[in-house]
Amino acid sequence: MLNSKALTKIQSVALITVIVVAAVGGGVAYVLWSGQRATETIKIGVCSGLDNFYGEATWQGAVLAAEQINAEGGVLGRNFEIVAEDDDTETAPGDIAVASNALTKLITVDKADYIIATAGSATLVFQDIAAEHRKILFSVGNINDELTQRVLDDYDKYKYYFRGGAGNATTATYAMVDSVL
């Protein structure tokens, strides 16, 4: 049986791995498809409750990944810059207006090329905002089945949404039941 500290370390390693893969893959795709100059920085926006465990871990993981990738020369000569906005999800039940404004600011003011957001009550709204602005949104820790269903039902609109971790609540439940058995 795993203790809670071991599980936290496993979750942290998985989260950092997802962020690194997303950042590298997204950066390579951006450079290859955009034809932009290799000297420009790729901005990764972190939209999360920066005062809670998952938000802080996401922010720190993204900064660490960017530092390591940049130290190795970046991706195709381009470095990563991490910018963040607090979406206020640590306050129950979370203020959707504050969260929406935080994500919109990351896209329109901070000019983030990609967004990483942790699970929260605003993820459905985030999915709509990312679609509107045609920005890739990586959601970590969210297993809401509706997010996946929206992509299936309207791919052209929601094709900018990706999820790290369990695919949805159904697969997460099966995995938990399987591990108990």
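Because the structure is predicted, anything quoted here is derived from the model rather than measured. (Residues numbered from 1 in each chain as written. Predicted model: local features only at pLDDT ≥ 70, side-chain atom pairs only at ≥ 80, totals over all residues. Heavy atoms only, no water.)

Chemist: Quick question: what am I supposed to make of the sheet that holds strand β3 (residues 114-118) here?
Modeler: Two modes of strand pairing occur in sheets, parallel and antiparallel, and in both the strands are linked by backbone hydrogen bonds. Strand order across the open sheet formed by five strands is β2-β1-β3-β4-β5, with parallel pairing between neighbours. Sheet topology places β2 (80-86) and β5 (161-164) at the edges, where each strand pairs with a single neighbour. For this sheet the average axis-to-axis angle between neighbouring strands, irrespective of direction, equals 25°. Where strand β1 (residues 42-48) meets β2, seven bridges bridge the pair, whose relative direction is parallel. When the sheet's bridge partners are listed, S48 is paired in β2 with D86. Contacts from helix α2 (residues 53-71) reach β1, β2, β3 and β4 (136-140) within the one sheet, and its direction differs from that of β2 by about 170°. (Pairing = 2+ DSSP bridges. Helix = DSSP H or I, 4+ residues; strand = E, 2+ residues; numbered from the N terminus. Axes fitted to C-alpha atoms, helices over the stretch in contact; angles between N-to-C directions. Contact = heavy atoms within 4.5 Å.)

Chemist: I would appreciate a short explanation of the packing of helix α4 (residues 123-133) against helix α5 (residues 145-153) in the present structure.
Modeler: Any two packed helices are characterised by the angle at which their axes cross and by the distance between the axes. Between α4 and α5, the shortest axis-to-axis distance is 10 Å and the interhelical angle comes to 25°. Compared by their axis directions, α4 and α5 come out roughly parallel. The handedness of the crossing between α4 and α5 comes out as right-handed. Where α4 approaches α5, its residues T123, L124, Q127 and D128 are matched on the opposing element by E146, L147, R150 and V151. Among the residues forming the contact of α4 with α5, the class breakdown is three nonpolar, two polar and three charged. (Parallel < 35°, antiparallel > 145°, perpendicular 65-115°, else oblique. Left-handed = near helix turned anticlockwise from the far one by under 90°. Nonpolar A, V, L, I, M, F, W, Y, C, P; charged D, E, K, R; others polar.)

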